[in-house]
Amino acid sequence: MPEKLNDNEQAVLELIRKDPYVSQQELATAVGLSRPSIANIISGLTRKGYIFGRAYILSGSDPVICVGGANIDQKFHIKDKAQLGTSNPVNVRRTVGGVARNIAENLGRLGMDVSLISASGTDKDWSIIEEASESYMNLDMVTQLMGSSTGSYTAVLDTEGEMIIALANMEIYDAITPELLQQYESLLSRSKSIVADLNCPKDSVQFLCQCARKHQVPIFLISVSGPKMNRLPEDLDGVTWLITNRDESETFFQQEIRNDEDWRKAVDNWLSRGVENVIITNGKEGSMIGNEAEGIFHVPAFTAREVKDVTGAGDAFSSAVIHSWLAGKSLIDIAKAGSANAIKTLESPYTVRQDLSAEQLQKNLEELI
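Residues numbered from 1 in each chain as written. Predicted model: local features only at pLDDT ≥ 70, side-chain atom pairs only at ≥ 80, totals over all residues. Heavy atoms only, no water.

## Some points on the state of the cysteines
Two cysteines joined by a covalent bond between their sulfur atoms form a disulfide. By the definition in use, this model includes 0 disulfides. Free cysteine Cys200: the closest other cysteine sulfur is in Cys209, separated by 10 Å. Take Cys200: its relative accessible area is 0%, and that puts it in the buried class. Just so you know, Cys209 is unpaired, no disulfide at all, and the nearest cysteine sulfur is the one on Cys211, 9.9 Å from it. (Disulfide = S-S within 2.5 Å. Buried < 20%, exposed > 50% of the residue type's maximum accessible area, 1.4 Å probe, protein only.)

Pasting the structure below:
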């Protein structure tokens, strides 16, 4: 339990509850204390676990905490046949991305209180990410490192849209250490859930899983790529959800998924390792979802009318799964919601579709089913 408050601390806390963005000078005037005294009181409220961050995140707000990548995505579309060893005319598109950041924006648009824990540089790329993100999530817990570059993902695509090469600059996320995360343990312990992508170092993912078990907070682990599956902790007991795809599961188990039986067995393998709920996506083939209590189900994917951009569809799927599970939906309904949000994102030119809301997602589901 948080420590007991004195009268001045209680008065300041009540004013912050009414306006989380109230300034220290406004608090000083209202309470009749000096601004330095207010600063000391706020420091004490933070230490005691009543508020978090510069924007005074109240401990009763129960946010979803997303931990992981927030980066710039760049796509170079070659206009003609690709030629190595020389310059190629291209069209360039830059968007805001990162798995944890994309999921946080989806959840924010779905009406949830979301905070992001990540790491960035102090460069223009971070300013672009901040401007695009701050309306949907709290960014106070993003650690900015002088002299470092904000994460980036660059893909070179041929005239058919197929990838020729991709370059990932993700070293910045090594700064998301267990020591950094420990500073936010009080907030993590009070969160509605923790969502961690595997851009985080392995020991940090392990810390988050231990924190979730210790404080009985649901945790979602989101895979990022086959090579990063080795960042999963050896002990998956108590992991609430694992959201992954066929290729990543094949990489982890070193076993090909050739048919529905293999697919179902892969879900069962994850469950046997202690994960409580698992979903393995497989593109147009849909998803296989299951837990010990309800069983394992194949849920077909919805079909996109026109694919405008594949970027962000997987993150949209994960977001709808998280949102639906927190709302108490059944496994099949959870998988359908994921598919609906993914398809509508594929039909959008944006990484996170601009029309997303809880009401719109429900309408989409009704139209697609």
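## Thoughts on a nonpolar patch on the surface
On the surface, Ile164, Ile165 and Leu167 cluster together to form a nonpolar patch covering roughly 270 Å² of accessible area. For Ile164, the position within the fold is in strand S9 (residues 163–169). (Patch = residues over 30% accessible without salt bridge, like charges linked within 9 Å, V, L, I, M, F, W, Y side chains within 5 Å. Areas by Shrake-Rupley, 256 points an atom, 1.4 Å probe, with all protein chains shown as cover. Salt bridge = Lys/Arg side-chain N within 4 Å of Asp/Glu carboxyl O. Helix = DSSP H or I, 4+ residues; strand = E, 2+ residues; numbered from the N terminus.)

## Comments concerning the packing of helix H1 (residues 7–18) against helix H3 (residues 35–47)
One way to put it is that H1 packs onto H3 with a least axis distance of 10 Å and a crossing angle of 85 degrees. Considering the angle they form, H1 stands roughly perpendicular to H3. Two secondary-structure elements touch here, H1 through Asn8, Glu9, Val12 and Leu13 and H3 through Ile38, Ile41 and Leu45. (Axes fitted to C-alpha atoms, helices over the stretch in contact; angles between N-to-C directions. Parallel < 35°, antiparallel > 145°, perpendicular 65-115°, else oblique. Contact = heavy atoms within 4.5 Å.)

## Concerning the environment of Val352
Structurally, the position occupied by Val352 is in the loop between helix H12 (331–346) and helix H13 (358–368). The exposure class of Val352 is buried, given its relative accessible area of 3%. Considered as a pair, Val352 and Ser87 are 265 residues apart in the sequence and their alpha carbons are 32 Å apart. With near-sequence residues (within four places) excluded, Val352 lies in contact with Arg101, Asn102, Glu105, Asn106 and Arg109.

## Things to note about the sheet that holds strand S3 (residues 64–67)
Strand pairing in a sheet relies on backbone hydrogen bonds, with the paired strands running either antiparallel or parallel. Pairing is mixed in the open sheet, where 9 strands are placed in the order S7-S6-S3-S10-S11-S12-S13-S14-S15. Each end of this open sheet is capped by a strand with a single partner; those strands are strand S7 (138–144) and strand S15 (295–299). Mean inter-strand twist for the sheet, computed between neighbouring axes without regard to direction, equals 15 degrees. As judged from the 5 bridges shared by strand S6 (residues 114–120) and S7, these two strands associate in the parallel manner. Across the sheet, the residue bridging to Ser118 is Val142, located in S7. Helix-sheet contacts for helix H9 (residues 246–253) involve strand S12 (241–245) and strand S13 (277–281), and the interaxial angle to S12 is about 100 degrees. (Pairing = 2+ DSSP bridges.)

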